[in-house]
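# Chain and residue survey
As a plain string of letters, each chain reads:
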Amino acid sequence: MKAVEALSAWTVRCMAAGQTTWAARCWLAFLRLVSHVYGGLVLLRAALFARGVTSVRRLPVPVLSVGNLIAGGTGKTPFVEMLARRLQTQGHQVAIVLRGYRGRSTTPMIISDGRRLLCEPPVAADEAYLLACHLPGVAVLTGADRYRVGQVALEQLKCGVIVLDDGFQHFRLYRDLDIVLLDAANPMGYGRLLPSGLLRERPDGLGRADLLVVTHADSVSDLDAIKRSLRRYAPSAPIALAVHRPLGLIGLCGEEHLSPSHLDGQRLVAFSGIANPRGFETSLVRLGAVILAHHVFPDHYVYSAADLEALSAATMKAHAACMVTTEKDMVKLTRLNLEKMVTPLYALAISLEMLEGEEALDRMLTCLLGASAS
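What counts and what doesn't
Residues numbered from 1 in each chain as written. Predicted model: local features only at pLDDT ≥ 70, side-chain atom pairs only at ≥ 80, totals over all residues. Heavy atoms only, no water. Helix = DSSP H or I, 4+ residues; strand = E, 2+ residues; numbered from the N terminus. Rg over C-alpha atoms; globule rule 2.2 N^0.38 Å. Buried < 20%, exposed > 50% of the residue type's maximum accessible area, 1.4 Å probe, protein only. Contact = heavy atoms within 4.5 Å. Areas by Shrake-Rupley, 256 points an atom, 1.4 Å probe, with all protein chains shown as cover. Lys, Arg positive; Asp, Glu negative; His and termini not counted. Charge placed at Lys NZ, Arg CZ, Asp CG, Glu CD. Salt bridge = Lys/Arg side-chain N within 4 Å of Asp/Glu carboxyl O. Phe/Tyr/Trp six-rings, centres within 6.5 Å; stacked < 30°, edge-to-face > 60°. Lys NZ or Arg CZ within 6 Å of the ring centre and 35° of its normal. Polar contact = N/O pair within 3.5 Å; in protein donor to acceptor, adjacent residues only side chain to side chain. Patch = residues over 30% accessible without salt bridge, like charges linked within 9 Å, V, L, I, M, F, W, Y side chains within 5 Å.

## A closer look at the overall build of the protein
Within the protein, the secondary structure is distributed over ten helices and 13 strands. For 374 residues, the compact-globule estimate of 2.2 N^0.38 gives 21 Å, and the protein sits close to it at 21 Å. Taken along the three principal axes of its C-alpha coordinates, the protein extends 60 × 55 × 40 Å. Taken over 374 residues, the protein has a buried fraction of 51%. Of all intrachain contacts in the protein linking residues separated by at least 6 positions in sequence, the fraction that spans at least 24 positions is 74%. Only carbon and sulfur atoms are counted for the fraction: they give 56% of the accessible area of the protein, which is about 17,200 Å². Here the protein contributes 39 positively and 34 negatively charged side chains, and the mean placements of these two sets differ by 7 Å.

Shown next as structure tokens:
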């Protein structure tokens, strides 16, 4: 598994850097051939659903999907959290349904029933557990069959609204609202389908979206150019802009909280195993941190005790004051024995803030939920 993760990480670096070496050119050329096969299968699958050969199942409550056009890295988890909290404050009984990446159960699993946490990593997937910790009062469930998971949420937890995490390509379950997130720094995933690029499907799939949200909107200067490119594929869908705001630093097991200003001038070593490590590093730099090193691991990396010891040793060698990682990564560290840790370790907590398009989102929610109530 580690070899596969390393190859995947190297492939993404090849995509980002372009065809700079002989090995990278040959590898990406081979992957382009595979992309043609993948693209054909994607089109065939979509056609089967469109023509009714494969059935689409519908739940009796509104289903709001938050998804991506590309594989990972758009800030989907903080957006799902923001959306669920928004619905909760409006008085709705919300359940979040995820596939549960690397969760160990293939059957529907209740991570939180809205009142208490019912399981923890590694049984619970890291994103699901993080959402459950952040959203008391909101149920969080995982499972590959999202329709069946939704049934469990209805029958056992009496939820009234389902937020479907990563549902844009999940045609098997009917969605009443499709929200698609795109990273401003790389909205089209290098312009190629998986595995030679990051696109899950061709960009014209954006025509199915009800709302487009450009995240990390503060990372580029020409947002109008991004909007124009999106209009080619989704001429009528509103386009919203969002940014990630640092909330502060959280210590191990959540026992310590520090303000973001604590990072100003702080010499640190960063590490992350997420789809967009550059965004994490940019957040630290904007807070004034002096990053002596950033150790990047593959997305969804499962850390071992040896990894943590090596990181701690590197931090001490660099004479850094602390180590900083993401909240998703910290979730996976809590299962390790951290008693021997001598270097302070923190997670950077973030939230999502909408700069534009908030009114459009609220109109859609009001229209959808008002119609469902009647």
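## Focus on unusual backbone geometry
In this structure, the amide linkage connecting P121 to the following residue, P122, adopts the cis form with an omega of 5°. Of note, P122 is situated in the loop between strand 3 (109-112) and helix 4 (126-134). Cis geometry is found at the peptide bond from L194 to P195, where omega equals 0°. Even without being glycine, H216 reaches a positive phi, approximately 50°. Secondary-structure assignment places H216 in the loop between strand 7 (211-215) and helix 6 (223-231). Owing to a relative accessible area of 14%, H216 belongs among the buried residues under this scheme. Phi at H300 is positive, roughly 65°, even though this residue is not glycine.

## Focus: the pattern of salt bridges
Under the definition given, this model contains 17 salt bridges. Between K76 and D165 there is a salt bridge, with the nearest N and O atoms lying 3.0 Å from each other. Highlighted residues: K76 in helix 3 (residues 76-89) and D165 in strand 5 (residues 161-165), separated in sequence by 89 residues. For K76, a relative accessible area of 15% puts it in the buried group. We note a salt bridge from D178 to R175, for which the minimum N-O separation is 3.1 Å. You can call D178 buried: its relative accessible area is 7%. Where salt bridges share partners, they join R86, E358 and D362 into one cluster.

## Topic: the packing of aromatic side chains
One pair of aromatic rings is described through two measures. These are the centre distance and the angle between the planes. Enumeration according to the criterion identifies six aromatic pairs in this entry. Centroid distance F297 to Y303: 5.1 Å. Interplanar angle 70°. Geometry classified as edge-to-face. Here F297 matches Y303 in class, with each residue buried. Arranged with centres 5.0 Å apart and planes meeting at 80°, the rings of Y301 and Y303 form a pair that is edge-to-face. Its relative accessible area of 2% is what places Y303 among the buried residues. Ring pairing ties together the aromatic residues F271, F297, Y301 and Y303, which thus form one cluster. One cation-aromatic arrangement involves R208 over F168; the distance from NZ or CZ to the ring centre is 4.1 Å.

## Focus on the side chain of H294
Positionally, H294 belongs in strand 11 (residues 290-296). Polar contacts involving the side chain of H294 include one to the side chain of S272, which spans 2.9 Å. Residues in contact with H294, not counting those within four places in the same chain, are A270, F271, S272, P277, F280 and E281.

## Observations concerning a nonpolar patch on the surface
Residues V37, L41, L44, L48 and V53 make up a contiguous nonpolar surface patch of roughly 470 Å² in combined accessible area. Mapped onto the secondary structure, L44 falls in helix 2 (residues 22-50). L44 sits in the partly exposed class, given a relative accessible area of 49%.

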